[in-house]
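Here are the chains, one letter per residue:
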Amino acid sequence: ELKVEQNPLFLSMQEGKNYTIYCNYSTTSDRLYWYRQDPGKSLESLFVLLSNGAVKQEGRLMASLDTKARLSTLHITAAVHDLSATYFCAVPNYGGATNKLIFGTGTLLAVQP
Amino acid sequence: KAGVTQTPRYLIKTRGQQVTLSCSPISGHRSVSWYQQTPGQGLQFLFEYFSETQRNKGNFPGRFSGRQFSNSRSEMNVSTLELGDSALYLCASSLAGPYSGNTIYFGEGSWLTVV
């Protein structure tokens, strides 16, 4: 059974600092999704990574995928308060008709002024 | 374009009752998935429908059921509600499903409280 782990679970950082959220998964997959969730809100799609070595950037966020290491990273550059949210990675369950996302536990990011 | 629409947004039910939640996917999307989100268990997969066929079901009891109509709209039903069913139920819409690599869009969710 595919397992997805994120760390850290909670991240408190100061504005202007850089940090990285890690997402490890247990079985082969060549695609991975990143989402953002604000309190009481739904999931907002951030990135869809579709191959080994894929890198995508949007504003202060950059995501990458290493399928050999079964690892994705979400790098935050020069954090601002607006980035405070919970970030989830999700991996599609591998194989054939199996079509479900397995989510990580989430990383609660709090950016302090 | 219109996003994923879920109704109702908030509801309170009593133990033993049943509830039906509705999801209208983005126009042209044929895959609809449902997820349950709770503080203790996180985001868990319920089921996925594609062109009116259930392709996958998560590890939930038979009280949880769903269906998809020919216009891709989907409903999920929970019978004999238990306190532990209190959760945010999220509907996800995509062209062809999670493994296709298409972006998966989520609705605002239905907040269910069972008392």
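You'll find the structure just up there.
As the structure is a prediction and not an experimental result, all values here were calculated from the model. (Residues numbered from 1 in each chain as written. Chains lettered and ligands numbered in written order. Predicted model: local features only at pLDDT ≥ 70, side-chain atom pairs only at ≥ 80, totals over all residues. Heavy atoms only, no water.)

### Looking at the environment of Leu112(B)
Residue and element names in this part refer to chain B.
Moving on, step 1. Its location among the elements puts Leu112 in strand 11 (residues 110-114).
Moving on, step 2. A residue is classified by how much of its surface remains accessible, and Leu112, at 2% relative accessible area, is buried.
Moving on, step 3. Excluding residues within four positions of it along the chain, Leu112 makes contact with Leu11, Lys13, Val19, Leu81, Asp85, Ser86, Ala87 and Tyr89. (Helix = DSSP H or I, 4+ residues; strand = E, 2+ residues; numbered from the N terminus. Buried < 20%, exposed > 50% of the residue type's maximum accessible area, 1.4 Å probe, protein only. Contact = heavy atoms within 4.5 Å.)

### Some words on the interface of chain A and chain B
Moving on, step 1. Taken together, the contacts link 23 residues of chain A with 21 residues of chain B.
Moving on, step 2. Summing both sides of the interface, chain A and chain B together bury roughly 1,900 Å²; the carbon and sulfur share of this comes to 55%.
Moving on, step 3. For the pair chain A and chain B, the number of links is zero salt bridges.
Moving on, step 4. Connecting chain A to chain B are five residue pairs in polar contact (both at pLDDT 80 or more).
Moving on, step 5. Partitioned by chemical class, the residues of the side of chain A that touches chain B number 11 nonpolar, eight polar and four charged. (Buried area = accessible area lost by both parts, 1.4 Å probe. Salt bridge = Lys/Arg side-chain N within 4 Å of Asp/Glu carboxyl O. Polar contact = N/O pair within 3.5 Å; in protein donor to acceptor, adjacent residues only side chain to side chain. Nonpolar A, V, L, I, M, F, W, Y, C, P; charged D, E, K, R; others polar.)

### Focus on the state of the cysteines
Moving on, step 1. Taken as a whole and judged by the stated rule, the model has two disulfides over all chains.
Moving on, step 2. Disulfide pairing places Cys23(A) opposite Cys89(A) at an S-S distance of 2.0 Å. Looking down the S-S bond of the Cys23(A) and Cys89(A) bridge, the torsion is 80 degrees, so its handedness is right-handed. Note that Cys23(A) is positioned in strand 3 (residues 19-25) and Cys89(A) in strand 9 (residues 85-92), a separation of 66 residues in sequence. When sorted by exposure, Cys23(A) lands in the same class as Cys89(A), which is buried.
Moving on, step 3. There is a disulfide in this structure between Cys23(B) and Cys91(B), and the S-S distance comes to 1.8 Å. Looking along the S-S bond of the Cys23(B)-Cys91(B) disulfide, the torsion reads about -60 degrees, which is the left-handed sense. Of this pair, Cys23(B) sits in strand 3 (residues 19-24) while Cys91(B) sits in strand 9 (residues 87-94), and the two are 68 residues apart along the sequence. Take Cys23(B) and Cys91(B): they sit in the same class, and that class is buried. (Disulfide = S-S within 2.5 Å.)

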